[in-house]
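Each chain is listed here by its residues.
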Amino acid sequence: MNTNTEPLINLTNVTFSYRGYEEKALRDVNAAFFPGKCYTIEGPNGCGKSTLFRILLGLDFPDEGEYIFDGMPITARKMKNEAFARNFHKRIGFVFQDSEVQLFTQSVRDEIAFGLYQLHLPEDEIREKTDEFLKLFDLEALAERAPFTLSGGQKRRVAFAAVFAMDPEVVVIDEPLSGLDEKGQAFITQFLKGLKGGKHLIIVSTHNRALADEIADVHVHMAEGRIVDFEGEN
């Protein structure tokens, strides 16, 4: 288990290009992300935020440089090992910008329970944690509703509940306030603020400077595939 004195994620000279494109999506990216911190990744469209997230999630791999997660290099070869990949994906969760792409079960209750079943938890613990996160995200009245019938803000709360119920060490969140009304934005902002100083490493991509100022311990600014500035205490 990592301690707060050591980075959980280290990127060293990470460079990446998509197949068929000469232009580099990431250029010599160097970064250290520590547990217990919230990092906001900020920059214009096309600056490399989405590609950075794909690297962090083990969906793509550096052409050059190295991605180290808790002392382990994350490579295409290692991720082909089913046990290694399964353990890695238990430790890092992702909340999509469009919640609909990650909601697929027949009820809100089933959506939260699904990931817990993948962790092979005992049945009684799954019920207990599902009830806990239904209450935490104010979803109890919607527990038996099909996710596709919910509003955008409700879907976002379900997506957050499903990811955080699994208690990953790292949570990567893409544009958490996108498409939400004022009430939904306030709910998610307060939830993310409540995580500050906790055990999770939170990495959030956002164009919303007000949100970034509310939640960030460290602002990571990107431009043209590079990290150009770290603002805050790491």
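The shown structure was predicted, so the numbers you read here are calculated from the model rather than taken from an experiment.

Draft legend 1. The arrangement of the sheet that holds strand β10 (residues 226–232) in detail. Within the open sheet, the 6 strands sit side by side as β6-β7-β8-β3-β9-β10. Their pairing is mixed. The strands lining the two open edges of the sheet, one partner per strand, are β6 (92–95) and β10. Pairs of neighbouring strands in the sheet enclose a mean axial angle of 20 degrees, with direction left out of account. Against the sheet, helix α1 (residues 49–56) makes contact with β3 (38–42), β6, β7 (170–174), β8 (201–205) and β9 (218–223), and its axis sits at roughly 150 degrees relative to β8, the strand it touches most.

Draft legend 2. Geometry of the nonpolar core. Grouped together as the largest cluster of nonpolar side chains are 37 residues, with contacts concentrated most on Ile-9, Leu-11, Phe-33, Tyr-67, Val-170 and Ile-203. No other element matches strand β2 (residues 26–33), which puts 5 residues into this core. Sequence-distant contacts of Tyr-67, that is, excluding residues within four places in its chain, are made with Ile-9, Asn-10, Leu-11, Ile-55, Leu-56, Pro-62, Met-72, Pro-73, Ile-74, Phe-88 and Ile-92. In this structure, Cys-38, Leu-150, Ala-159 and Leu-195 belong to the second largest nonpolar core, which totals 35 residues.

Draft legend 3. Representation of the sheet that holds strand β1 (residues 9–16) in the model. Across the sheet, 4 strands lie side by side as β2-β1-β4-β5; this open sheet has antiparallel pairing. Taken across any chain shown, the strands that pair with only one partner, and hence form the sheet edges, are β2 and β5 (72–73). Sheet topology note: the strand β4 (residues 64–69)/β5 ladder contains 2 bridges and is antiparallel. Its bridge partner being in β5, Ile-68 is matched across the sheet by Pro-73. The strands touched by α1 within the sheet are β1, β2 and β4, with β1 carrying the most contacts at an inclination of about 125 degrees.

Draft legend 4. Examining helix α5 (residues 123–136) more closely. With 14 residues, α5 extends 20 Å from end C-alpha to end C-alpha; this agrees with the ideal 20 Å at 1.5 Å per step. On its buried side, α5 packs onto α4 (108–118) and α6 (152–165). Remark: Asp-138 follows α5 within two positions and exhibits a positive phi of approximately 55 degrees.

Draft legend 5. Representation of the packing of α4 against α5 within the structure. The contact between α4 and α5 brings their axes to 9 Å, and the two run at 130 degrees. When the interaxial angle is binned, α4 and α5 end up oblique. As for how α4 packs across α5, the hand of that crossing is right-handed. Together, Val-108, Arg-109, Ile-112, Ala-113, Leu-116 and Tyr-117 of α4 and Glu-123, Ile-126, Lys-129, Thr-130, Asp-131, Phe-133 and Leu-134 of α5 make up the contact between the two elements. Residue classes in the contact of α4 with α5 are distributed as 8 nonpolar, 1 polar and 4 charged.

Draft legend 6. Here's a closer look at unusual backbone geometry. Positive phi is not limited to glycine here, since Asp-28 has a value of about 45 degrees. Mapping Asp-28 onto the fold places it in strand β2. For Asp-28, a relative accessible area of 43% puts it in the partly exposed group. Positive phi values are uncommon outside glycine, yet Asp-70 reaches one of about 50 degrees. By the secondary structure assignment, Asp-70 is in the loop between β4 and β5. The exposure class of Asp-70 is partly exposed, given its relative accessible area of 22%.

What counts and how
- Residues numbered from 1 in each chain as written.
- Predicted model: local features only at pLDDT ≥ 70, side-chain atom pairs only at ≥ 80, totals over all residues.
- Heavy atoms only, no water.
- Pairing = 2+ DSSP bridges.
- Helix = DSSP H or I, 4+ residues; strand = E, 2+ residues; numbered from the N terminus.
- Axes fitted to C-alpha atoms, helices over the stretch in contact; angles between N-to-C directions.
- Contact = heavy atoms within 4.5 Å.
- Core = buried A, V, L, I, M, F, W, Y, C linked by side-chain atoms within 4.5 Å.
- Buried < 20%, exposed > 50% of the residue type's maximum accessible area, 1.4 Å probe, protein only.
- Expected span 1.5 Å × (residues − 1).
- Parallel < 35°, antiparallel > 145°, perpendicular 65-115°, else oblique.
- Left-handed = near helix turned anticlockwise from the far one by under 90°.
- Nonpolar A, V, L, I, M, F, W, Y, C, P; charged D, E, K, R; others polar.

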